[in-house]
Structure formats: C-alpha cells, structure tokens
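Residue strings, one per chain:
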Amino acid sequence: MESIEQKLISRINEHATPLRIMHVCGTHERTISKYAIRDVISEDIQLLSGPGCPVCVTPAEDIDFAIALARSGKVITSFGDMMRVPGTLGSLFDARSEGCDVRMVYSIDDAIRIAEDNPTQEIVFFGIGFETTAPSNAAALLRGVPENFSILISHKLMPPAMEILTQDTIVDGFLAPGHVSTIIGTEPYEPISKKGFPIVVTGFEALDVLLGIAMIQNQIESGSSSVENAYPRAVNAEGNIKAREMMYQVFKQTDSEWRGIGIIENSGIALRTEFEQFDASNIHAEIYEKVLHDRKVSENDSDGTSLYEECMCAEILTARAQPSQCPFFAGRCSPEDPVGPCMVSLEGTCYNWYKYRHTK
Ligand code: SF4
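These lines cover the structure that appears in this document, whether it is placed above or below. (Residues numbered from 1 in each chain as written. Predicted model: local features only at pLDDT ≥ 70, side-chain atom pairs only at ≥ 80, totals over all residues. Heavy atoms only, no water.)

**Focus on the packing of aromatic side chains**
Taken as a whole and assessed by the stated rule, the structure comprises six aromatic pairs. Residues F79 and F125 carry aromatic rings whose centres are separated by 5.8 Å and whose planes lie at 85 degrees to one another, so their mutual orientation is edge-to-face. One end of the pair, F79, is in the loop between strand 3 (75-78) and helix 6 (80-83); the other, F125, is in strand 5 (residues 123-129), with 46 residues separating them in the sequence. For the pair formed by F79 and F125, the shared burial category is buried. (Phe/Tyr/Trp six-rings, centres within 6.5 Å; stacked < 30°, edge-to-face > 60°. Helix = DSSP H or I, 4+ residues; strand = E, 2+ residues; numbered from the N terminus. Buried < 20%, exposed > 50% of the residue type's maximum accessible area, 1.4 Å probe, protein only.)

See the structure below:
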C-alpha cells in the first residue's frame, strides 16, 4: 500500500510545472537534504534555501566585535555553533585558542549564572537568532540580571527578509518557518502573500515539507496566493501573543545587517532605552567603534582574494547559487574546517549539502 508520503510525491510530480519554492529555515533545509526530497520530486520544482540559518546571517562585524570584547578581557558566552563561525579575523574559537575567555552556553540563563558566579568579571552574552530566541532573552532581562552582565544583540526578524527576497530573487512561493511562526503566527505573512506569493507555514517532518510543496502547487494552479497553515499542531494565526508582548517590552524594531544580504529595514531588534545599560555595544562603545573603523580600513585595503571574501555564502543565502557551485565546497571548506558560516551549523545549507552529499 502506498504511504502518505508516496501519495504526496506522486501528486506533486503529476502536477509539476516549473516552480521555485523557497524555504527560510535551516531545519527545513535539514529535512529536505536528509530525506533527499529534491531527488524524489520533479526537477521542474526547485527547492531554494533562503537565509534561515541564524548563525549564517549574523554579520561578521558582530563576530568581530565579540572577538574584540574577548581580547579586551571580557568573558564572552555564546551558543556553540556561533563560536565556530568565522568573522573577518577568525572565530570566537580562535580567540579562545589565543587564551581569551570564551564559554559555550545553551541559553541566556547559563550566561547569567556565569555572571552571578563571577561578580568581578564582565560577562557578555552573544544574543543571536530569530523571533524564536528573542522572547527568552527579553524574559531574562525582565526578571533582572546582574550589573556585570550585558548582551550583544544580533537578533533578526524573518518577514522583512522574506519581503526583500521577493524583490531580489526569482521565487514563486515560500515554505514559511514553523518555529518562527509559533511566535509570530501566520498574520505577518499576509502582506507578502497579497503581493502574489503563496505561503504555507510548514513543519519539519518529510511529510510536512511534502504537504507544504503540494499546497503551494495548489495555490499556483488555482491562480491564488494566500497564507495557509500546514503546521496547525504548533502554529495558529495569532502566534504567541505573550511572548511577543514580552519581546517588545524590552526590544524595539530596528534596521539590521544580514550577512550576505546587507541592511534590511526593520528586520532586527535593539534594546529599548530602559534596558540600554545591558547593551554591550553601548557599554563598550569605544571597542565597538574601533571594530567598525578597522573593518572599514580593511575593506578599503582588500584586493578581494582572501578565502573569507571568496566564500559564496552571500549567494547561497539568497539562493543565487547552490553549495556545489562554490569552488571550496567539500574541499578546502568542510564542517571540520569551515571557510564560511553556511558550513558551520546543522542549519547551514552548505553543511547539510556536505553531510548528505547532495550535488544538485
Ligand atoms: Fe562558503 Fe564553504 Fe559554503 Fe563555499 S562551501 S559558500 S566557502 S561555506
């Protein structure tokens, strides 16, 4: 008897027309790569990987700032995969090898505990990620944190990035990220769908992804574009109102730099005035300004031929290239020795293509 997955694959392939469907979630890329979904559906349907890996879109200047803070004697606390992502002058792991105090944590609460246990040291938490991680950081600040604790804020908001991608990339529809949507709900995608882009909020099993593809196909076939929810077991229209209230009690929306994409209007968050005493870029403004200045100088002096500059993550994150088109893929660049951010994290496109040996 045919499984539901097989039925969906048959349905997708019977109705296949040239279609470019973008996901903006590292976990979707993992599912697609792991279950070889690109191999079982028609070649007419391209599954594009967008900027959905949090460490991949964290700008190099924030990594450089974290390294500069570590070198100036602050204790940097960070998620493990962020520590391995190279900035302009290496990674936080490299800084740790030099003797800097860089510690891996699993949450902001771990970082706060380190601050409480080390009252004479300055502890900085590297706050990255999308709408999924920002609320817990807001909650921690609302509960209260020690005076020797600050955050380097590098959070990103997904809908403004999707909006930009509809302008710069040839895309017909989106699989919207399940995790982010648990917080923001389905409503923020409405303006994008109204411009003619079908959007389906999708979960993370192979079956979920296949269903999302089939639902986008349905919309295209019927000439409609709306936001549909294929992940109702976790997502509703309103999202998590409480988490968002907490988030915007502490943060305000602001323009933000995305690695490989540039500045996207209203796509980031910054601490509100009442919480600015915990903002690492305010507290350590001198170090931050120096990092920005040094980056400007090195950009002007660069001849554009360093490995770092030749990495194609910018193209990968905007679906203008596939990992296998990068000359370093699976050679000079591997998960053991990554050249660019897309090869570091379990959510990185290059990492997943490498791990599952995808070539198309
Ligand atoms: Fe960058 Fe490595 Fe991916 Fe090439 S294979 S784009 S160098 S991360």
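**Concerning helix 5 (residues 60-71)**
Between the first and last C-alpha of helix 5 there are 16 Å, a value that for twelve residues agrees with the 16 Å anticipated at 1.5 Å per step. The set of residues buried in helix 5 consists of A60, E61, D62, I63, D64, F65, A66, I67, L69 and A70. Just beyond helix 5, the residue with positive phi is G73, at close to 100 degrees. (Expected span 1.5 Å × (residues − 1).)

**A short note on empty space enclosed by the protein**
Tallying each qualifying case throughout the model produces two cavities of 30 Å³ or more. Lining the largest cavity are C311, M312, C313, I316, C326, F328, F329, C333, G340, C342, M343 and C350. Of the residues that constitute the lining of the largest cavity, the class distribution is eleven nonpolar, one polar and no charged. Counting residues domain by domain, the lining of the largest cavity receives three or more from each of domain 1 (24-287 + 304-313) and domain 2 (314-355). Quantified by volume, the second largest cavity comes out at close to 40 Å³. Across the lining of the second largest cavity, the residue classes break down as six nonpolar, six polar and one charged. Residues lining the lining of the second largest cavity come from more than one domain, with at least three contributed by each of domain 1 (24-287 + 304-313) and domain 2 (314-355). (1 Å grid on protein atoms, 1.4 Å probe; cavity = no way out; pocket = protein on both sides within 12 Å on 5 of 7 lines; lining within 4 Å. Points joined across faces, edges and corners; volume = space filled by probe spheres on them. Nonpolar A, V, L, I, M, F, W, Y, C, P; charged D, E, K, R; others polar. Domains from an automatic or database assignment.)

**Here's the deal with the environment of A139**
Looking at the element boundaries, A139 is found in helix 9 (residues 134-143). Given a relative accessible area of 14%, A139 falls into the buried group. In this structure the C-alpha to C-alpha distance between A139 and A243, which are 104 residues apart in sequence, comes to 8.5 Å.

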